[in-house]
Amino acid sequence: MKLKFDAALEYQHQAIDAVTRLFEGQPIGNSSLSVALQTDAGLFRELGVGNELRITPEVLLANLRSVQERSSLPESAALFDPACGYPAGVQPNAPEAVPHFSIEM
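What counts as what
Residues numbered from 1 in each chain as written. Predicted model: local features only at pLDDT ≥ 70, side-chain atom pairs only at ≥ 80, totals over all residues. Heavy atoms only, no water. Core = buried A, V, L, I, M, F, W, Y, C linked by side-chain atoms within 4.5 Å. Buried < 20%, exposed > 50% of the residue type's maximum accessible area, 1.4 Å probe, protein only. Helix = DSSP H or I, 4+ residues; strand = E, 2+ residues; numbered from the N terminus. Expected span 1.5 Å × (residues − 1). Arc of directions from axis to C-beta. Contact = heavy atoms within 4.5 Å. Axes fitted to C-alpha atoms, helices over the stretch in contact; angles between N-to-C directions. Parallel < 35°, antiparallel > 145°, perpendicular 65-115°, else oblique. Nonpolar A, V, L, I, M, F, W, Y, C, P; charged D, E, K, R; others polar. pLDDT = per-residue confidence, 0-100. Polar contact = N/O pair within 3.5 Å; in protein donor to acceptor, adjacent residues only side chain to side chain.

What follows deals with the nonpolar core. Ala 18, Leu 22, Ile 55, Leu 60, Leu 61, Leu 64, Val 67, Leu 79, Phe 80 and Ile 103 together form the largest nonpolar core, which totals ten residues. Looking at this core, the element that brings in the most residues is helix 2 (residues 57-70), giving four residues.

Relative to the 18 Å expected for 13 residues at 1.5 Å per residue, helix 1 (residues 10-22) spans 19 Å between its end C-alpha atoms, a close match to the ideal helical length. Along helix 1, the positions that sit buried rather than exposed are Gln 12, Ala 18 and Leu 22. Each buried residue of helix 1 sits inside an arc of 120° when the element is viewed along its axis, so together they form one side. Of the surrounding elements, those touching the buried residues of helix 1 are helix 2.

Running from amino to carboxyl end, helix 1 crosses helix 2 at an angle of 155°, the nearest separation of the two axes being 8 Å. It follows that helix 1 is roughly antiparallel to helix 2 by the angle criterion. Facing Asp 17, Ala 18, Arg 21 and Leu 22 of helix 1, the residues of helix 2 in contact are Leu 60, Asn 63, Leu 64, Val 67 and Arg 70. Looking at side-chain class alone, the contact of helix 1 with helix 2 contains five nonpolar, one polar and three charged residues.

This brings us to the confidence of the model for the protein. The predicted structure's coordinates, where accompanied by low pLDDT, should not be read in detail. Looking at the protein, the pLDDT average stands at 75 and 56% of residues meet or exceed 70. Per-element confidence in the protein is highest for helix 2, whose mean pLDDT is 91, and lowest for strand 2 (residues 42-48), whose mean pLDDT is 61.

The residue Ser 72 is not glycine, and still its phi comes out positive at about 55°. You can see Ser 72 is positioned in the segment after helix 2. Ser 72 gets classed as exposed once you look at its relative accessible area, which sits at 69%.

Turning to helix 2, a few remarks are in order. One full turn of an α-helix is made of 3.6 residues, so residues set three or four places apart face in the same direction. With 14 residues, helix 2 extends 20 Å between its outermost C-alpha atoms, agreeing within 8% with the 20 Å of an ideal straight helix rising 1.5 Å per residue. For helix 2, the complete set of buried residues consists of Leu 60, Leu 61, Asn 63, Leu 64, Val 67 and Gln 68. Summarising the axial view, the buried residues of helix 2 lie within an arc of 160°, below the 170-degree limit, and thus occupy one face. More than 90 degrees from the buried face of helix 2, the exposed residues found are Glu 58, Glu 69 and Arg 70. In this fold, the buried residues of helix 2 make contact with helix 1. At the C-terminal side of helix 2, Ser 72 shows a positive phi close to 55°.

To continue, consider the side chain of Asn 63. The residue Asn 63 is located in helix 2 in this model. Of the polar contacts made by the side chain of Asn 63, one reaches the backbone oxygen of Glu 24; its length is 2.9 Å. Those residues in contact with Asn 63 that lie beyond four places of it in its chain are Arg 21, Leu 22, Phe 23, Glu 24 and Ile 55.

Structure representation (structure tokens):
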């Protein structure tokens, strides 16, 4: 994913701050990622950084609640929302489960 933003827009700075605070404590890693995609238009290559989450779910939830408090948002009870559903056989705290964050501005 590529993110584009206008540095003159304060709400975009606030959104970036909220997302980075969500992952406070995540160690900086040197993992790299290369993706090649073949389409009718040709071959596209992108380089990036792999996303291995190394902070615990407890730290992530504490960070989430802190960001929500700063933004006057309702506090999340948990990282995983059963109402969103999960693929068959996937438990809410399994590595393949995807947490849901409410940190809107």
